[in-house]
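# Secondary and tertiary structure notes
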Amino acid sequence: MALRPVLAALAIASLLYAALLALLWVGQERLIFLPTPLPQTQSLAREPDVHERFVDVDGARLSVLELRLPDPKGVVFFLHGNAGNLASWFVHADFYRRANYDLVMLDYRGYGKSSGRIESEAQLHADVRAVWQQVAPRYAGRRIVFYGRSLGTGLAAALAAQVQPDLTLLVSPFESMSALARQHYPWVPPALLRYPLRTDERIGRIRTPVLLLHGDRDELVPLAHSLALRERAPGARLVVVPGAGHNDLHQFKPYLDAAAAALGAL
């Protein structure tokens, strides 16, 4: 008889845990992706050499910004992080002008002026490929650079494993979203994650140069993730930026110098 209250409490706790996991399964997009929508009437191209356009994909229309220079050395295809939109990400065009590289950046579904909503990892990869395939013909014979930041590193690594660009820049990369989830939410079963984004499985298949850039004070995606990725791809080069965190890495001179040198060396 004394065990009945204990068993009842355990049963209730188990039901609550199962309900929480079910909510996480259904609504994990709201935890992973933090888009900021923009009105369709808002202009994003505010400089003469920056152009705004849309790319139609299955079930959505993706907003794309492009810096186009008169005679660029190549292009940086930039895949941004999980928050914000092009208005907050496309803000360092001068860096690419100085390097003489065009810059192409897209907003994922639901971000900025892009329509639709993210429903699967396969859909994300397909959208990124679709935009790249429209861009690629313009840069035949020129240098191709894939740049991923945070969430975008998983997408950039997957695309690079297929395309083999001249350089892949992974900034604040995670080993995988699964590994990151285990670190921050150890009570969540890995099988629950529908967006594993296995950078660790893709990076070893990139046969062209890879540069990893990571702040040593990154608490969201600790430096250990880049160290693990370098073990998977011994040819990859890692630049550790002292004092940099996750969101301020681009403000540090060692980061800017390393990125500029890598682009200049191509």
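Before going into details, it helps to say that this report is about the structure given with it. (Residues numbered from 1 in each chain as written. Predicted model: local features only at pLDDT ≥ 70, side-chain atom pairs only at ≥ 80, totals over all residues. Heavy atoms only, no water.)

Helices and strands together make up the secondary structure of the chain, namely nine helices and ten strands. Every one of the 266 residues in the chain was classed for burial, and the buried ones make up 50%. For the chain, long-range pairs separated by at least 24 residues make up 72% of all intrachain contacts whose partners lie at least 6 apart in sequence. As displayed, the chain offers around 12,800 Å² of accessible surface, 58% of which is attributable to carbon and sulfur atoms. (Helix = DSSP H or I, 4+ residues; strand = E, 2+ residues; numbered from the N terminus. Buried < 20%, exposed > 50% of the residue type's maximum accessible area, 1.4 Å probe, protein only. Contact = heavy atoms within 4.5 Å. Areas by Shrake-Rupley, 256 points an atom, 1.4 Å probe, with all protein chains shown as cover.)

Right, let's talk about the sheet that holds strand 6 (residues 101–106) for a bit. One open sheet holds the eight strands; their spatial order is 2-3-6-4-7-8-9-10, and the pairing between them is mixed. At either end of the open sheet lies a strand with only one pairing partner, and these are strand 2 (50–57) and strand 10 (237–241). With strand direction ignored, the average angle separating the axes of adjacent strands in the sheet is 20 degrees. Against the sheet, helix 8 (residues 224–232) makes contact with strand 9 (210–215) and strand 10, and its axis sits at roughly 160 degrees relative to strand 9, the strand it touches most. Here helix 9 (residues 253–264) sits on the sheet and contacts strand 4 (74–79), strand 6, strand 7 (143–149), strand 8 (167–171), strand 9 and strand 10; the angle it forms with strand 9, its principal contact strand, is near 175 degrees. (Pairing = 2+ DSSP bridges. Axes fitted to C-alpha atoms, helices over the stretch in contact; angles between N-to-C directions.)

Now for the pairing of strand 6. For strand 6, the tally of buried residues reaches six of six residues, placing the bulk of the element in the interior. Residues Tyr 101, Leu 103 and Met 105 point to one face of strand 6 and Asp 102, Val 104 and Leu 106 to the other, with burial holding for every one of them. Direction of pairing for strand 4 relative to strand 6: parallel, over a ladder of five bridges. Each residue of the ladder has a partner; that of Phe 77, found in strand 6, is Val 104.

What follows deals with the pattern of salt bridges. According to the stated counting rule, one finds 18 salt bridges in the structure shown. The partner of Glu 29 in a salt bridge is Arg 194, with the nearest N and O atoms 3.0 Å apart. With Glu 29 in helix 1 (residues 3–32) and Arg 194 in the loop between helix 6 (177–184) and helix 7 (199–202), this pair connects stretches of sequence that are 165 residues apart. The class for Glu 29 is buried, based on a relative accessible area of 15%. Between Glu 66 and Arg 53 there is a salt bridge, and its shortest N-O distance comes to 2.8 Å. With Glu 66 in strand 3 (residues 60–67) and Arg 53 in strand 2, this pair connects stretches of sequence that are 13 residues apart. Via salt bridges that share partners, Glu 47, Asp 49, Asp 94 and Arg 97 belong to a single interconnected network. (Salt bridge = Lys/Arg side-chain N within 4 Å of Asp/Glu carboxyl O.)

With respect to the helices and strands, Leu 62 occurs in strand 3. A relative accessible area of 0% means that Leu 62 is categorised as buried.

Residues Phe 77 and Tyr 108 are the most contacted members of the largest nonpolar core, which totals 46 residues. Among the elements that take part in this core, helix 5 (residues 151–163) stands out by supplying seven residues, more than any other. In this structure Phe 77 touches Val 104, Leu 106, Val 128, Val 131, Trp 132, Val 145, Phe 146, Tyr 147 and Leu 159, once residues within four positions along its chain are discounted. Counting residues in each nonpolar core, the second largest holds 33 residues, with Leu 69, Tyr 96, Leu 211 and Leu 249 among its members. (Core = buried A, V, L, I, M, F, W, Y, C linked by side-chain atoms within 4.5 Å.)

Sheet analysis places strand 2 next to strand 3, joined by eight bridges and oriented antiparallel. Its bridge partner lying in strand 3, Glu 52 is registered against Leu 65. Where strand 2 hands over to strand 3, the hairpin turn is made up of two residues, of which Gly 59 adopts a positive phi near 85 degrees.

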